[in-house]
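# Observations on the three-dimensional arrangement
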Amino acid sequence: MAIRALFQSLYANRLARRVALAGLIILLLLAGVQLRRWTWAETRHVRFQHDIVNAFYWGSETLAQARRLSPDEASANSWTGFARGYFTLYDRVERKAYKNDYRLDYPPLRLLVMSIWARQVRNDFPEVDDGHPKHLKPLLNVNLACELISAVAIFLLVRLWVRRSSGATHSPFLRGLPRQHRAGICGLAAASVAWLEPSMILDTHGWPQWDVWILPFYLFAVLAALKKRWFLCGCLLAAGAMFKGQLLLVVPFFVLWPLWQKRWTRALRLVAGFASATALIVSPWLLRTSTALIVVAFVSGVSSLIFFGGKFRHDWAWVAGMTALGTFVAGALASGSFAWLQIGFLYGSEHYPYLFISSCYNLPFFLDRLGWSLKDSLWSSEFGSQHVAVTVQWMLRLAYLGGLAVCSLGAARHWRHRDPRLLIAMATPWLLMFALLGQMHERYLMWGAVVSAVALGVSLRLSVVHFIISAMSTAMIVHVMLVDKKLETTLRVVDMLHGVRPYASGLLLACVAVCLWDTVSTRVPGFQRRRGQSRPEEMPALSLGPAPEEVKVN
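A few points on the structure. (Residues numbered from 1 in each chain as written. Predicted model: local features only at pLDDT ≥ 70, side-chain atom pairs only at ≥ 80, totals over all residues. Heavy atoms only, no water.)

## What to know about the side chain of Ser470
One can find Ser470 in helix α21 (residues 460–485). Taking the relative accessible area as the measure of exposure, Ser470 reaches 5% and is therefore buried. Side chain to side chain, Ser470 and Glu197 meet in a polar contact 2.8 Å long. (Helix = DSSP H or I, 4+ residues; strand = E, 2+ residues; numbered from the N terminus. Buried < 20%, exposed > 50% of the residue type's maximum accessible area, 1.4 Å probe, protein only. Polar contact = N/O pair within 3.5 Å; in protein donor to acceptor, adjacent residues only side chain to side chain.)

Written as C-alpha cells, this is what we have:
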C-alpha cells in the first residue's frame, strides 16, 4: 500500500511526472546504445563480412574512377575529382559489364554514402586491405542515427493518430489510462519497442547491413500523408528509394490511398513530389548538355507562367512536377545517361532469380517445397509474333499489388472513421511484401517488424502479433549468420532453425492475415460501441453549444 501511495503521489505531481519520464527516456536511450555496442562486440565471429567488403569495394571504385579522369593525384583527391568519379562510375560499370552482369546494384545515394566512407577510410588508412576494411564506425553511426530517428517517428506517428481518434484504443490495458495522457503513453511504448527491436539491432550492428536507412523516410512519409502534405510525402519516398530500391514496392500504397478517397489532386501532388525529388537527385546524369539545360529551363518557365498566372491551388507543386517531367524528357532526348536506373534499380530486381534467398518464412518457401521456381510459366499464349507468359514471379507480384490495393482501401476507410487501425494499415504493406513476393532476403522482414510496433497503440492482439513477427525476423537473421560461418558450437541451433521453417512460414502467413484483416475489416470497433455508454458519475455537463460531430461507421 505504501508503494502504491508513493506512485499515486508521484503521478499527481506534474514536475515529478516529467522528471520520471525524462529519466525513463534517457534510460531507454542508453540501454539501446549499450545493447548495440554489445551486439557489435559479441557477433564478431559470425559477422557477414561480404557486405562490408562489397560496400568498401564499390566506394573505392568511385575513387579509382576519379583517378582515371584526373590529370594528377592532387586533383583526384579533391572533392571535384571525387564528384567526377562518382557521376561517371555507373557509365563505366555499364560499359565494362559482361552480359549485363554489373555486380553493382547500389542506388545513387547509397553509392554516394559508401564512396564518402571509402574516401575517409583511405585517407585514415592508406594501406588498408580491400578484404578487411577498417573504420566501420561511421556507417554504424549512420545506422544508429536512422534507428533513433525511426523510433522518434514512430512515437510521433502513434501519438498523432491516437489523439485524432480521441484516445480510442482496443487494448484493455491502455483504456485504463487517463485519456489526456493515452496518446503520449501509446507513442512512447511503441517507440521504445521499435528502438529495442532485436532484428533491427542484429541487422544493423551484428550483420551489419544498411537496410535501416529507408525506415525514417517511410515513417516520415506516413506522417506527411496524415498531415495532408502529399508533395512532401512523395519527396521523402523518392529520397528513401535512392538509398534502397525496395522502398519503391510500397509506393503504390500511397498513390492508391487518396484515390480511394477520390482525392485525385492529392495523388497527383504525391507523384509530383516523387518525380521532383528523383529528378533533382539524378539530374547530374540526365542534364549533361547545354541543350538539356535549355529544355528544362524552357519547360520550367512555361509551367510557371501557366500555373502561377492561372491561380491554381498548390501551383508550386505543379511547376515542380512539370520541371521534373521536363528533366526526364531532356535526358532521354539530349544524350543523358540512365545507367543509374538500369544498374541501381532494374538490375537488382532480376539479380537473384529465385523464389527466396537463404532462409525465409513466407509463401515462396512453400512454393519452392512444391517444386515451383520463380520463372516457371503458369500460362502462355501466342499473339501474332509476340509470346506472352504469366510466370510464378508475376503471379506473386499481382497478388501483392492486389494486397496493396486492399491495404490502401482500409487506410482510406480508417482515415474517414478516425480509427486507430489506420496505424496497422501503415505496417501491413511491408508484411505483405515479405510474405508474398519472391526474391526476398531474410533481412527484409525487419522493416515490417519495426513498423508493426505501432500495434501497441491499436490493440493487445496486434501487439502480440508484432512480437511474434519480431521473433521470426530475428530467428531468420540468426539462422543465416550462423549458417555462413558454420561454427561447431552452433550446429545444433542451425539444425533447429532449419527444421522449424515450415511451421514458422505458416505462422508468419497467419500473422500477416490477422494484420490484413484488421486493416480491411468493416466491423464497428469496440471503442465506438462504448462511446454511447457513460457511467452516472461520468455524465457530461449540460451544454448549450452545438452537438459534437457523430462518428460515421459502415
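## Points about the packing of aromatic side chains
Both the distance between ring centres and the angle between the ring planes are used here to describe each pair of aromatic rings. A complete count under the given rule lists 27 aromatic pairs for this structure. Measuring from centroid to centroid gives 4.9 Å for Tyr57 and Trp58, while their planes differ by 80°, and the two rings are edge-to-face. Residue class for Tyr57 comes out partly exposed when judged on its relative accessible area of 29%. Of the aromatic side chains, those joined through ring pairs into one cluster are Trp161, Tyr218, Trp230, Phe253, Phe254, Trp257, Trp415, Trp430, Tyr444 and Trp447. Seen from the ring of Trp394, Arg397 lies directly overhead, with NZ or CZ sitting 4.7 Å from the centre. Here the guanidinium or amino end of Arg443 rests over the ring plane of Trp207, the centre of that ring lying 5.3 Å away. (Phe/Tyr/Trp six-rings, centres within 6.5 Å; stacked < 30°, edge-to-face > 60°. Lys NZ or Arg CZ within 6 Å of the ring centre and 35° of its normal.)

## Here we look at the nonpolar core
A general feature of soluble globular proteins is that nonpolar side chains tend to end up buried together. Among the nonpolar cores identified, the biggest contains 132 residues, and Trp117, Tyr218, Leu226, Phe254, Trp257, Met426 and Trp430 are the most heavily contacted of them. The leading source of residues in this core is helix α19 (residues 422–436), at 13 residues. Core analysis: the second largest hydrophobic core is formed by nine residues, Val46, Phe48, Trp207 and Leu482 among them. (Core = buried A, V, L, I, M, F, W, Y, C linked by side-chain atoms within 4.5 Å.)

## With respect to unusual backbone geometry
The omega angle of the peptide bond from Trp207 to Pro208 is -15°, so this bond is cis rather than trans. Look at Lys262: it is not a glycine, yet its phi comes out positive at around 60°. Among the residues examined, Lys262 registers a relative accessible area of 64% and is labelled exposed. With a phi angle near 60°, Ser358 is a residue other than glycine that sits in the positive phi range. With respect to the secondary-structure elements, Ser358 resides in the loop between α16 (339–350) and α17 (363–369).

## Comments concerning the packing of helix α13 (residues 264–286) against helix α15 (residues 315–333)
Their axes nearest at 8 Å, the elements α13 and α15 cross at an angle of 45°. With respect to their mutual orientation, α13 and α15 come out oblique. Like other packed secondary-structure pairs, α13 and α15 cross with a definite hand, here left-handed. Counting all contacts with α13, which are made through Thr265, Leu268, Arg269, Ala272, Ala275, Ser276, Thr278, Ala279, Val282 and Leu286, the residues of α15 involved are Ala317, Trp318, Ala320, Gly321, Ala324, Thr327, Phe328 and Gly331. Class assignment for the residues of the contact of α13 with α15 results in 11 nonpolar, six polar and one charged. (Axes fitted to C-alpha atoms, helices over the stretch in contact; angles between N-to-C directions. Parallel < 35°, antiparallel > 145°, perpendicular 65-115°, else oblique. Left-handed = near helix turned anticlockwise from the far one by under 90°. Contact = heavy atoms within 4.5 Å. Nonpolar A, V, L, I, M, F, W, Y, C, P; charged D, E, K, R; others polar.)

Scope: geometric values only; no functional claims are made or implied.
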